[in-house]
Amino acid sequence: MTPKVGEEIPELVKHPTTRQLVQYAGAQGDFYEIHYDQDFARSVALPGVILHGLLKAAFLGQLITDWLGDEGTLKTFEVSYRGVDVPGKPYRCRGRVVKVEGKHVELEVWGEDPEGKRTTVGTATVELAG
Amino acid sequence: MAVTSVVERLKARVGQPGPAVSATVEAGHLERFVEAIDDPNPRWTEEAPPTYLVALVPVSMHLAEAEEYGKGWLNGGNRFEHFEPVRVGDRITATGKVADVYEKTGGSGTLLFIIFETDYVNQHGRTVARLRGTAIRR
């Protein structure tokens, strides 16, 4: 693998559902009601139940590890949640190489809602094998 | 006044390590997590995917005493540092602390930011990962 600065990595489109939010709440042990109780979510001024930030982080983690395969290791991974996302809409994960220094590669990664708004933005550093 | 005291009380906790919590990476739990994030990579039957540790040991994101401030929680962001792979059978001990507490005023009013930091150490005494999380009360 020879990443080049500016190169986009293959995108990953996820299709989160309310069912998945419940599954994720159980698997992570995060039972904050904004992720499965519509009335509660609206009572705190949200559009309805929203995706866990950490679920979106997991999607972006998959974006990176799918791209890396067994050709490198994910070292650091940082995300900021800039907007809320609701289930039932595709979530598009994308990334771009911003720096290459020998085996060390820096990526910019982000998740987009269907309107193209970057609701999660982040960076990652990977170390290539060999 | 009540609001100020919550912030002061939280600030007093900055830097103090919370209780160490240990858990073993079980194949069944890992499988449920991987199903929940819908990542079919066969590698995750033995090895933990990048964000798994948050599920293994609950990090005290929702600090009860902070709930006197504002009306809801938001997750501002997360930072994962990985030093070694985590595999099925590993015994992981997590120690968390509040790293920083501050208020910030923006267009939508004043928000309270709480930065959590958790270190994860395996059964060999080696730090496998460090997680930083930004929880926001609004």
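Basis of the calculations
- Residues numbered from 1 in each chain as written.
- Chains lettered and ligands numbered in written order.
- Predicted model: local features only at pLDDT ≥ 70, side-chain atom pairs only at ≥ 80, totals over all residues.
- Contact = placed C-beta atoms within 7 Å.
- Helix = DSSP H or I, 4+ residues; strand = E, 2+ residues; numbered from the N terminus.
- Nonpolar A, V, L, I, M, F, W, Y, C, P; charged D, E, K, R; others polar.
- Pairing = 2+ DSSP bridges.

Engineer: So what exactly am I meant to see when it comes to the interface of chain A and chain B here?
Structural biologist: How big an interface is tends to be reported as the loss of accessible area on association of its parts. If you look at the interface, chain A gives 26 residues, while chain B gives 26 residues. Within the residue set of the side of chain A that touches chain B, elements represented by two or more residues are α1 (18–28), α3 (53–68) and β2 (72–81) of chain A. For the side of chain A that touches chain B, the leading source of residues is α3(A), giving 9 residues. Of the residues that constitute the side of chain A that touches chain B, the class distribution is 12 nonpolar, 10 polar and 4 charged. Pairing of β2(A) with strand β2 (residues 73–82) of chain B, which is carried by 5 bridges, proceeds in the antiparallel orientation. Pairing of V79(A) across the sheet is with N78(B), part of β2(B).

Engineer: How do you make sense of unusual backbone geometry when you look at a structure like this?
Structural biologist: Among all residues save glycine, negative phi is the norm, and among peptide bonds the norm is trans. Not every positive phi belongs to a glycine, and A45(A) is a case in point at roughly 65 degrees. The phi dihedral of D38(B) is positive, around 60 degrees, even though this residue is not glycine. Note that D38(B) resides in the loop between α2 (27–37) and α3 (53–56).

Engineer: I tried to follow the pairing of strand β4 (residues 104–112) of chain A on my own but got confused; where do I start?
Structural biologist: Looking along a regular strand, one sees side chains alternate from face to face of the sheet. All names here are of chain A. As paired strands, strand β3 (residues 91–101) and β4 are joined by 9 bridges and run antiparallel to one another. Within the sheet, the bridge partner assigned to E101 lies in β4 and is H104. Connecting β3 to the next strand, β4, in antiparallel fashion are 2 residues, including G102 with a positive phi near 65 degrees. Relative to strand β5 (residues 118–128), β4 runs antiparallel, the two being bridged by 9 bridges. Pairing of W110 across the sheet is with V121, part of β5. Linkage of β4 to β5, two consecutive antiparallel strands, is achieved through a turn of 5 residues, within which G116 is found at a positive phi near 85 degrees.

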